[in-house]
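Close look at the chain arrangement
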Amino acid sequence: MKQSDFHKLVHLVLDSPLKPPANLFIKGFDDWHARARLAHFLAMPQLDQNDTAIELFRSIIETDFDEENPEDVEERAFALQKLSSTERSQKQYEDALRHIDLAVELAESTDFLYKYILRGELWADRWNTMHLLGQTNEAEAETDERIAAYEDLPIQHNSYLYYGYRFKAQLAAERGVTLVAKDYMHMALKFMEVPDEYRPALNEAFAAKHDNASWILNRIDHATPNPDRIHWDI
């Protein structure tokens, strides 16, 4: 991509209904932060420029960054996560797995409590991508290892356990084992901060009597608080 192309895309984003602050891109094309931020917006459904977003995200992989700066680490890991999810939406599963692995490795390199990413969600992205590649048994075994490693820690709001049990619930739903899927989601929600106002809708979703497990899990997800807007301890 040329400098001129980058500037045209910045103006496209700035003039769009998204209206991000211009200072996000102030350092220009040569700054990996600016390229990653632009890619995030281009990948949004409102603009739907996935190929260009992937190109920009990939351009940051080999660039230097401050490994001692937790905010740099987080922004880098977040960009790699979004790159992976965009590739997954384009059915580029091998690339998606490689890049979510980079995100996991980077996020696990520090004990910093991030603002925008959850380590458990990164692992779940890895497992879901492995599942799409037919590596379901390996993904489930890894999930069990993560759960075993973290389930005895005295940590109430644990993203590893929430996303681990949620992944197992998804697999159970696909296998048509509705009661097992519900049980795993009950376990998952034990490790999430769930305000009282969400309980009635969750109880209603769990109370469904039919065996359409995928439908039930979808209802549970809609009744669950947004993971990005609640407190996590890890």
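Presented here is a report on the structure given in the accompanying data block. Fair warning: this is a prediction, and the values are worked out from it, not measured in the lab.

One finds Leu189 and Ile220 to be the most contacted residues of the largest nonpolar core, which totals 49 residues. Put simply, the parts of the chain that give this core at least two residues each are helix 4 (70-89), helix 5 (93-107), helix 6 (119-132), helix 7 (136-150), helix 8 (159-174), helix 9 (178-190), helix 10 (199-206) and helix 11 (213-223). Take this core: its biggest share by element is 10 residues, from helix 8. Among all residues touching Ile220, those that are not within four sequence positions of it are Met185, Leu189, Leu202, Ala205 and Phe206. Grouped together as the second largest cluster of nonpolar side chains are 22 residues, Leu9, Val10, Ala34 and Leu56 included.

When its volume is computed, the largest pocket comes out at roughly 1,200 Å³. Forming the walls of the largest pocket are 35 residues, and the residues nearest its centre are Phe78, Gln81, Tyr116, Ile117 and Asp228. Elements with a minimum of two residues in the lining of the largest pocket: helix 2 (32-42), helix 4, helix 6 and helix 8. Element by element, the count of residues in the lining of the largest pocket is highest for helix 4, at 9 residues.

Moving on, we get to helix 10. Of all the positions in helix 10, only Leu202, Ala205 and Phe206 are classed as buried. With its buried residues spanning 95° around the axis, helix 10 presents them on a single face. Turned more than 90 degrees off the buried face of helix 10, the exposed positions are Pro200 and Glu204. Tucked into the core, helix 10 has its buried residues touching helix 9 and helix 11.

Interaxial distance between helix 8 and helix 11 falls to 8 Å at its minimum, and their mutual angle equals 150°. Our classification of the angle between helix 8 and helix 11 gives roughly antiparallel. Crossing hand, helix 8 versus helix 11: left-handed. Contacts from Tyr162, Arg166, Ala169, Gln170 and Ala173 in helix 8 reach Ala213, Ser214, Leu217 and Asp221 in helix 11.

Thresholds, definitions, all that
- Residues numbered from 1 in each chain as written.
- Predicted model: local features only at pLDDT ≥ 70, side-chain atom pairs only at ≥ 80, totals over all residues.
- Heavy atoms only, no water.
- Core = buried A, V, L, I, M, F, W, Y, C linked by side-chain atoms within 4.5 Å.
- Buried < 20%, exposed > 50% of the residue type's maximum accessible area, 1.4 Å probe, protein only.
- Helix = DSSP H or I, 4+ residues; strand = E, 2+ residues; numbered from the N terminus.
- Contact = heavy atoms within 4.5 Å.
- 1 Å grid on protein atoms, 1.4 Å probe; cavity = no way out; pocket = protein on both sides within 12 Å on 5 of 7 lines; lining within 4 Å.
- Points joined across faces, edges and corners; volume = space filled by probe spheres on them.
- Arc of directions from axis to C-beta.
- Axes fitted to C-alpha atoms, helices over the stretch in contact; angles between N-to-C directions.
- Parallel < 35°, antiparallel > 145°, perpendicular 65-115°, else oblique.
- Left-handed = near helix turned anticlockwise from the far one by under 90°.

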